[in-house]
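# Structural overview for review
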Amino acid sequence: MKKLLTTGFFALIIGGMTSCSVQKQASASKVELPNKKEVLEVSRRTNQYFMNKWPDTGKDIVGKKVWPSNLWTRAVYYEGLIALYKVDPKKEYYDYAMSWANNHKWDLMRGTYTRNADHQACGQTYIDLYEIDGKKHPERIKNVKASMDSMIATPKVDDWWWIDALQMSMPIFTKLGRITGEQKYFDKNYEMYAYTKYKHGGNGLYNPVDKIWWRDKSFVPPYKEPNGEDCYWSRGNGWVVAALAKTLEDTPKSDPHYQEYLQDYKDLLAALLPIQREDGFWNVSLHDPNNFGGKEMTGTALFVYGMAYGINNGLIDRDTYLPVLVKAWNAIAKDSVQPNGFLGWVQGTGKEPKDGQPLSISKEPDFEDYGLGCLLLAGSEVYKLK
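Report on the accompanying structure. Model, not experiment: these values are computed from the prediction. (Residues numbered from 1 in each chain as written. Predicted model: local features only at pLDDT ≥ 70, side-chain atom pairs only at ≥ 80, totals over all residues. Heavy atoms only, no water.)

So, about the overall build of the protein. From N to C terminus, the protein includes 15 helices and four strands. Taken against the 2.2 N^0.38 rule, which gives 21 Å for 386 residues, the C-alpha radius of gyration of the protein at 20 Å falls within 12% of a compact globule. Overall size of the protein, expressed as C-alpha extent along the three principal axes, is 60 × 50 × 45 Å. Burial statistics for the protein: of 386 residues in total, 60% are counted as buried. (Helix = DSSP H or I, 4+ residues; strand = E, 2+ residues; numbered from the N terminus. Rg over C-alpha atoms; globule rule 2.2 N^0.38 Å. Buried < 20%, exposed > 50% of the residue type's maximum accessible area, 1.4 Å probe, protein only.)

So this is what it looks like as structure tokens:
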């Protein structure tokens, strides 16, 4: 954030962080938590809209191409559905997820031995369903385990060349590590994470100065936003937040890399504090509010998820983050969620601020499933707040 610190607007924000934090600590106890019934109602309504629209869980998704329904966008939705199921265990949610997994024979997109994180993402839900049923059905994780084992069997560690991949694949390694008790899953997870963090694009996709991540090497400087700042994509960093939260959930605190994950998670969340919009959302371009600036739901929901998870698990300071996440959640519930359950202000698939633009309250993105997944992840953690 070197240049940001020299500009009047951002210098004022950062310079005022200390006094702002004091004010937050003084007022956090007065923050009104979102009503649990209302959080659940929003989650149910948006999910029902989607289930009604997609009654056939095996139906291909037709757009510019034809995609099988176990692609990453749908996988993220099912991650959110399982999170909702854990706080609202309705049989129809379980049945819907089981139908999806059975339709794809519990296999990964493009086959078992893919190394592509997007194609592996569906494995997270397969593992969750395996655990929900008391580990009675090993066939549910047979293929996803074989895929991860095939990656471990090679020295290759550069597969995660875009930061979205962290959320799609890291939780699979840590879930398998926890379930099997085998350290190899945690070790490979870190080796690949470290390559993304420190080496991709020359010096890694993580900027230790700003504590934020570039989407991929094409956005590493000298690439700049129109205002001269680095390009940090909101949803991309949201994927990192989710990846780290899930990694911390399953990685033993005794693991040699646990503290690094924790510090990266805390640093990224802290970097988000001074750049939240006044209306509660975050812009699609985190350091250039004028480059397709405006409300955007998916990145915001992932940040809410990460912050609420951190508070619920005692990882971050409640007084600092509770007012921020409540403001963001209320903005989503008020401005994104429509009466019929449709989600507005969702940026379509892509990799940078200009993709899927312009956004609106009524525009349907090219894929709407992952946006709902992000909301359900957020809602499940907001619901748990005490």
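Our next topic: helix α12 (residues 258–272). Here α12 contains 15 residues, and its C-alpha end-to-end distance of 22 Å stays within 8% of the 21 Å for a straight helix at 1.5 Å per residue. Where burial is concerned, most of α12 is hidden: 11 out of the 15 residues are buried. Listed as buried for α12 are Y258, E260, Y261, L262, D264, Y265, D267, L268, L269, A271 and L272. (Expected span 1.5 Å × (residues − 1).)

A few words on the pattern of salt bridges. Throughout the structure, instances matching the rule amount to 26 salt bridges. In this structure, the salt-bridge partner of D88 is R44, at a minimum N-O distance of 2.9 Å. With D88 in the loop between α4 (72–87) and α5 (91–103) and R44 in helix α3 (residues 36–53), this residue pair connects regions lying 44 residues apart in the sequence. Since its relative accessible area comes to 7%, D88 is described here as buried. Through salt bridges that share partners, R115, K156, D158 and D159 make up one connected network. (Salt bridge = Lys/Arg side-chain N within 4 Å of Asp/Glu carboxyl O.)

Once that is clear, we can look at the nonpolar core. Core analysis: the largest hydrophobic core is formed by 121 residues, its most contacted members being Y265, L325 and L375. Considering every element that reaches this core, the biggest residue donor is α4, with 11 residues. Not counting chain neighbours up to four residues away, the residues in contact with Y265 comprise V241, L244, A245, L248, G306, Y309, G310, L315 and I316. (Core = buried A, V, L, I, M, F, W, Y, C linked by side-chain atoms within 4.5 Å. Contact = heavy atoms within 4.5 Å.)

Since the α-helix advances by 3.6 residues per turn, residues separated by three or four positions end up pointing in the same direction. In a regular helix each residue adds 1.5 Å, so 17 residues correspond to 24 Å; helix α11 (residues 234–250) covers 25 Å between its end C-alpha atoms and thus fits that length. Where burial is concerned, most of α11 is hidden: 16 out of the 17 residues are buried.

Moving on, we get to the packing of aromatic side chains. Think of a pair of aromatic rings as described by two things: how far the centres are apart, and how the planes are tilted against each other in angle. Under the definition given, this model contains 24 aromatic pairs. Between W72 and W239 the ring centres are 6.1 Å apart and the planes differ by 90°, which places this aromatic pair in the edge-to-face class. Taken together, the positions of W72 in helix α4 and W239 in helix α11 put the pair 167 residues apart, joining distant regions of the chain. We note that W72, like W239, is buried. (Phe/Tyr/Trp six-rings, centres within 6.5 Å; stacked < 30°, edge-to-face > 60°.)

The next point concerns the environment of G350. Position of G350 relative to the elements: it lies in the loop between α14 (318–336) and α15 (369–384). With 76 residues separating them in the primary sequence, G350 and P274 have C-alpha atoms 25 Å apart. With near-sequence residues (within four places) excluded, G350 lies in contact with R215, W233, R235 and D355.

Along the chain, R74 turns up in helix α4. Residues in contact with R74, not counting those within four places in the same chain, are F50, W54, I61, S69, W100 and D369.

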